[in-house]
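# A structural walkthrough
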Amino acid sequence: MKKTVLVSGGAGFIGSHVTVELISAGYDVVIADNMSNCDMTGYEGVSKIIGRELPFIRMDFCDSQAVDKLFSDYRIDAVIHFAAFKAVGESVAEPLKYYKNNLMSFLNLLDAAHSHGGCNVLFSSSATVYGEPDQSPVTEQTPRQPSTSPYGNTKQMCEDFLRDCVKAYPDIKGIALRYFNPIGAHPSALIGELPRGVPNNLVPFITQTAIGKRECLSIFGNDYPTPDGTCLRDYIDIVDLAKAHVCAVSRMIDGKMKENYEIFNIGTGRPLSVYELVTAFEKVNGLKLNYKYADRRPGDVVAIWADPTLANEELGWKAERSIEETLASAWAWEKHLAETGK
Ligand code: UD1
């Protein structure tokens with residue numbers, strides 16, 4: 001019998017790509033999303049790619065009764081929890097909004113999973129939990145640093161919620177995937193990142209500048225202690241990232257976990273500077289980007305990249321798409337948005 005995966009936040013950027021990969025790996029998927037940070041573009045794109053509609057429940061994970069009902073209505077073998085707010089700056093300005101939403105939704109999920117006989121829970125965490133590491137690459141053993149934002153705090157707290165629940169309740173198993181910088185879009189250009197308003201993240205800002213929605217990209221800081229003075233990050237292709245979720249879900253469902261709570265870094269292991277990323281984008285897409293150097297962005301870490309060895313060995317997963325393919329896919333997606341008037 002096919003196994004069913006509940007994807008909370010399944011209409012968003014990462015959720016939509018993960019849904020496609022889960023379906024292609026033979027899982028059934030139930031999508032739940034409150035649409036607070038996206039429209040139906042992601043869901044419709046997924047439907048086109050897989051050639052059918054999936055169960056879609058519009059609901060808020062902060063509504064405990066709705067979450068409980070979801071677990072009554074479906075036999076859920078695993079849940080992947082994406083539903084959360086993710087803007088660092090906004091979280092500093094509105095900490096209560098972030099704490100209420102990101103923590104309550106995950107607590108409701110864990111509570112429902114436990115009261116319905118247990119579940120495999122995959123939490124979408126972030127490299128933000130490492131803060132500014134003393135050195136890179138970081139392994140899963142690298143100590144977490146005190147968070148510099150309420151957003152980062154919620155990622156750390158949710159990891160701890162999961163770890164503690166797994167310890168106390170044998171019917172819950174958990175994996176936290178710590179993403180580095182997810183970028184790019186599906187090769188079909190039917191799903192991708194669709195930020196509301198001015199993008200905070202680098203690649204959507206680049207593609208919006210290239211298409212003319214933004215006048216000029218500001219590169220935040222060129223006097224960092226790095227080879228070219230701009231920050232170093234580990235940019236991970238969104239389809240590669242999505243495939244890591246399939247590996248992690250299978251590991252849980254097939255009973256292959258070595259411990260009941262596991263953490264994996266999901267990155268390439270390759271640092272790239274902002275300047276290198278910008279020039280790679282220009283080269284692969286044959287265009288000139290309007291950019292300038294600006295002041296450092298408060299709160300930015302100088303350099304962080306992953307040691308993905310554990311995920312490579314234990315999940316049997318490896319980042320495969322080249323940065324050129326990824327940046328071409330990001331541009332194809334931006335052009336698709338322009339063609340469809342979005
Ligand atoms: C940011 C968050 C991180 C979160 C992740 C989600 C911060 C400090 N960190 O990571 O917690 O998990 O997003 O995707 O916000 N840059 C520019 N110009 C721009 C935008 C970005 O130069 O217009 C630079 C940044 O200074 C940084 C790099 O590009 O060096 C990547 O930035 P971004 O895409 O925002 O990701 P992170 O800051 O790494």
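Structure first, text after, so check above.
A few points on the structure. (Residues numbered from 1 in each chain as written. Predicted model: local features only at pLDDT ≥ 70, side-chain atom pairs only at ≥ 80, totals over all residues. Heavy atoms only, no water.)

## What about the environment of Ile 219?
Tracing the sequence through the fold places Ile 219 in strand β8 (residues 217–220). Distance in space between the C-alpha atoms of Ile 219 and Thr 230 is 7.8 Å, their sequence separation being eleven residues. Not counting residues within four places of it along the chain, the set of residues in contact with Ile 219 comprises Thr 230, Val 274, Val 278, Tyr 291, Lys 292, Tyr 293 and Ala 294. (Helix = DSSP H or I, 4+ residues; strand = E, 2+ residues; numbered from the N terminus. Contact = heavy atoms within 4.5 Å.)

## Details of empty space enclosed by the protein
It is the rolling of a water-molecule-sized probe over the atoms that shows where space remains empty. In total, this model carries two cavities of 30 Å³ or more according to the counting rule given. The space that makes up the largest cavity amounts to roughly 70 Å³. Going through the elements one at a time, α7 (202–211) and α11 (323–339) are the ones with two or more residues in the lining of the largest cavity. For the lining of the largest cavity, a count of residues per class yields four nonpolar, two polar and two charged. There is about 40 Å³ of room inside the second largest cavity. (1 Å grid on protein atoms, 1.4 Å probe; cavity = no way out; pocket = protein on both sides within 12 Å on 5 of 7 lines; lining within 4 Å. Points joined across faces, edges and corners; volume = space filled by probe spheres on them. Nonpolar A, V, L, I, M, F, W, Y, C, P; charged D, E, K, R; others polar.)

## Focus on the packing of aromatic side chains
The geometry of two aromatic rings is summed up by the distance between their centres and the angle between their planes. Inspection of the entire model under this criterion finds six aromatic pairs. Here Phe 106 and Phe 123 contribute two aromatic rings whose centre-to-centre distance is 4.9 Å and whose plane-to-plane angle is 40°, an arrangement assigned as tilted. Placement of Phe 106 in helix α5 (residues 95–115) and of Phe 123 in strand β5 (residues 119–126) is noted, with a sequence separation of 17 residues between them. No difference in accessibility class separates Phe 106 from Phe 123, as the two residues are buried. Aromatic pair Tyr 291 and Tyr 293: ring centres 6.1 Å apart, planes at 80°, arrangement edge-to-face. Since its relative accessible area comes to 26%, Tyr 291 is described here as partly exposed. Lying over the aromatic face of Phe 85, Lys 97 brings its terminal NZ or CZ to 4.9 Å of the ring centre. (Phe/Tyr/Trp six-rings, centres within 6.5 Å; stacked < 30°, edge-to-face > 60°. Buried < 20%, exposed > 50% of the residue type's maximum accessible area, 1.4 Å probe, protein only. Lys NZ or Arg CZ within 6 Å of the ring centre and 35° of its normal.)

## Observations concerning unusual backbone geometry
Most of the time, phi is negative for any residue but glycine, and the peptide bond is trans. With an omega of 5°, the peptide bond between Ser 136 and Pro 137 qualifies as cis. Within the fold, Pro 137 resides in the loop between β5 and α6 (150–168). Positive phi, close to 60°, is recorded for Met 35, a residue that is not glycine. Along the chain, Met 35 turns up in the loop between β2 (28–33) and α2 (41–50).

## Details of the site of the ligand
The ligand sits among 20 residues. The nearest are Leu 202, Ser 218, Arg 233, Arg 297 and Asp 300. Asn 181 has a polar side-chain atom sitting 2.9 Å from an oxygen atom of the ligand. Contact between the ligand and Arg 297: an oxygen atom at 2.8 Å from a side-chain N or O atom of the residue. Look at the ligand: alone it shows 740 Å² of surface, and the protein chains cover 87% of it. For the shell around the ligand, the secondary structure elements donating two or more residues are α7 and β8. Looking at the shell around the ligand element by element, the count peaks at four residues for β8. (Near = heavy atom within 4 Å. Polar contact = N/O pair within 3.5 Å; in protein donor to acceptor, adjacent residues only side chain to side chain. Areas by Shrake-Rupley, 256 points an atom, 1.4 Å probe, with all protein chains shown as cover.)

## Comments concerning the side chain of Thr 226
Among the secondary structure elements, Thr 226 is positioned in the loop between β8 and β9 (232–233). Thr 226 gets classed as buried once you look at its relative accessible area, which sits at 12%. Polar contacts involving the side chain of Thr 226 include one to the main-chain amide nitrogen of Gly 229, which spans 3.0 Å. When near neighbours in sequence (up to four residues on either side) are disregarded, Thr 226 contacts Leu 232 and Val 302.

## Describing the layout of surface pockets
As a volume, the second largest pocket reaches approximately 230 Å³. Around the second largest pocket, the lining residues are Glu 140, Gln 141, Arg 251, Lys 258, Glu 259, Tyr 261, Glu 262, Ile 263, Phe 264, Leu 310 and Glu 314. When contributions to the lining of the second largest pocket are tallied by element, the ones reaching two or more residues are β11 (261–266) and α10 (309–315). Ranked by residue count, the leading element in the lining of the second largest pocket is β11, at four residues. Along the lines of polarity and charge, the residues of the lining of the second largest pocket split into four nonpolar, one polar and six charged.

## Regarding the sheet that holds strand β4 (residues 78–81)
Taken together, seven strands build an open sheet; the order of strands is β3-β2-β1-β4-β5-β6-β11 and the sheet is parallel. The open sheet has two edge strands with one neighbour each: β3 (56–58) and β11. Sheet twist, expressed as the average angle between the axes of neighbouring strands with direction ignored, equals 20°. Here three bridges tie β2 to β3, and the two strands are oriented parallel to one another. When the bridges of β3 are listed, Ile 31 appears paired with Phe 56. (Pairing = 2+ DSSP bridges. Axes fitted to C-alpha atoms, helices over the stretch in contact; angles between N-to-C directions.)

## A short note on the environment of Trp 317
Here Trp 317 shows up in the loop between α10 and α11. Measuring from C-alpha to C-alpha, the distance between Trp 317 and Cys 119 comes to 23 Å, with 198 residues separating the pair along the chain. In contact with Trp 317, other than residues within four places in its own chain, are Ile 236, Asp 240, Lys 243, Ala 244, Cys 247, Ile 266, Gly 267, Ala 311 and Asn 312.

## Describing the nonpolar core
In terms of nonpolar packing, the biggest core is built from 39 residues, with Leu 22, Leu 177 and Ile 266 touching the most fellow members. Ranked by the residues each element gives to this core, the list is headed by helix α8 (residues 238–253), at ten residues. Those residues in contact with Leu 22 that sit more than four places away from it in its chain are Val 5, Val 7, Tyr 27, Val 29, Ile 80 and Val 246. If you look at the next biggest cluster of nonpolar residues, it comprises 28 residues, including Phe 61, Ala 112, Leu 162 and Cys 165. (Core = buried A, V, L, I, M, F, W, Y, C linked by side-chain atoms within 4.5 Å.)

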